[in-house]
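Here are the chains, one letter per residue:
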Amino acid sequence: MERILDRFCDAFRLLLGVLIATLAIPVGMQVLARYTGIIPVYLWTEELATFIFVWAVMVGSVVAVWEGTHFDVRVLPDAKHPLLKLLQDGFVLVMITGFAILFAIYGIEYTKFGFIQNSPMMRANMAITHISVPIAGTLWTLFAGFRLFQAIETYRTGPKETS
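Computed from a predicted structure; not experimentally measured. (Residues numbered from 1 in each chain as written. Predicted model: local features only at pLDDT ≥ 70, side-chain atom pairs only at ≥ 80, totals over all residues. Heavy atoms only, no water.)

K.L.:
Looking at this model, I keep getting lost on the environment of Phe12. Mind explaining?
P.N.:
The residue Phe12 is located in helix H1 (residues 2-35) in this model. The sequence separation of Phe12 and Gly60 amounts to 48 residues, and the corresponding C-alpha distance is 7.9 Å. Leave out the neighbours within four places in its chain, and Phe12 touches Val59, Val63 and Leu139. (Helix = DSSP H or I, 4+ residues; strand = E, 2+ residues; numbered from the N terminus. Contact = heavy atoms within 4.5 Å.)

K.L.:
Explanation requested: the nonpolar core in the structure shown.
P.N.:
Taken as a class, soluble globular proteins show a tendency for nonpolar side chains to be buried jointly. Val62, Val65, Trp66, Ile96, Trp140 and Phe143 are the most contacted members of the largest nonpolar core, which totals 25 residues. Breaking this core down by element, the ones donating at least two residues are H1, helix H2 (44-67), helix H3 (82-115) and helix H5 (132-157). At nine residues, H2 tops the list of elements feeding residues into this core. (Core = buried A, V, L, I, M, F, W, Y, C linked by side-chain atoms within 4.5 Å. Buried < 20%, exposed > 50% of the residue type's maximum accessible area, 1.4 Å probe, protein only.)

K.L.:
Help me understand H2 in this model?
P.N.:
In an α-helix there are 3.6 residues to a turn, and that puts residues three or four apart on one side. In this model, H2 (24 residues) spans 34 Å end to end at C-alpha, consistent with the 34 Å of a helix rising 1.5 Å per residue. Gly68 sits one or two positions beyond H2 and adopts a positive phi of about 75 degrees. (Expected span 1.5 Å × (residues − 1).)

K.L.:
Looking at this model, I keep getting lost on the packing of H1 against H2. Mind explaining?
P.N.:
A pair of packed helices can be characterised by two numbers: the angle between their axes and the separation between those axes. Here H1 crosses H2 at 155 degrees, and the two axes come no closer than 8 Å. Our classification of the angle between H1 and H2 gives roughly antiparallel. In terms of crossing hand, the pair formed by H1 and H2 is left-handed. Its residues assigned to classes, the contact of H1 with H2 shows 21 nonpolar, four polar and six charged. (Axes fitted to C-alpha atoms, helices over the stretch in contact; angles between N-to-C directions. Parallel < 35°, antiparallel > 145°, perpendicular 65-115°, else oblique. Left-handed = near helix turned anticlockwise from the far one by under 90°. Nonpolar A, V, L, I, M, F, W, Y, C, P; charged D, E, K, R; others polar.)

K.L.:
Can you walk me through the confidence of the model for the protein in this structure?
P.N.:
Low pLDDT marks regions whose predicted coordinates should not be analysed in detail. Taken residue by residue, the protein gives an average pLDDT of 91. The fraction at 70 or more is 96%. Ranking the helices and strands of the protein by mean pLDDT puts helix H4 (residues 127-130) first, with 96, and H1 last, with 93. (pLDDT = per-residue confidence, 0-100.)

Here it is, written out as structure tokens:
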């Protein structure tokens, strides 16, 4: 299962790279238009850059949850005892999963709200960006839940310290 999820995340890493590379196009057009006058100022480039940026942030956060690098800020040093390590990691993963479920559920309403709006310049439906919230929440839930399962299995099958 881990291999399947890792391949899935590899696709998201590739998508993230494509999004960041694509983001350079409208941003580059904005810079050229504002500072050189070579091309006219196109207002739609700002909206497009915003849409791409929102998706890049959400896709990047999905990759970060899989890699365990996004939401986990260590205030306490890593625990040495296996049970304390499970509790420490488990707390973080349960909190991530809780917030992820909130994003997934309330993101659906947020997306419905986006369906009734269009962007001012491009006239694109705002659901294009709004749908990234429930998608990210669902994937955060899947990835954090799997990592929690792994942490529990590591505790169950790992060496036990006797004191």
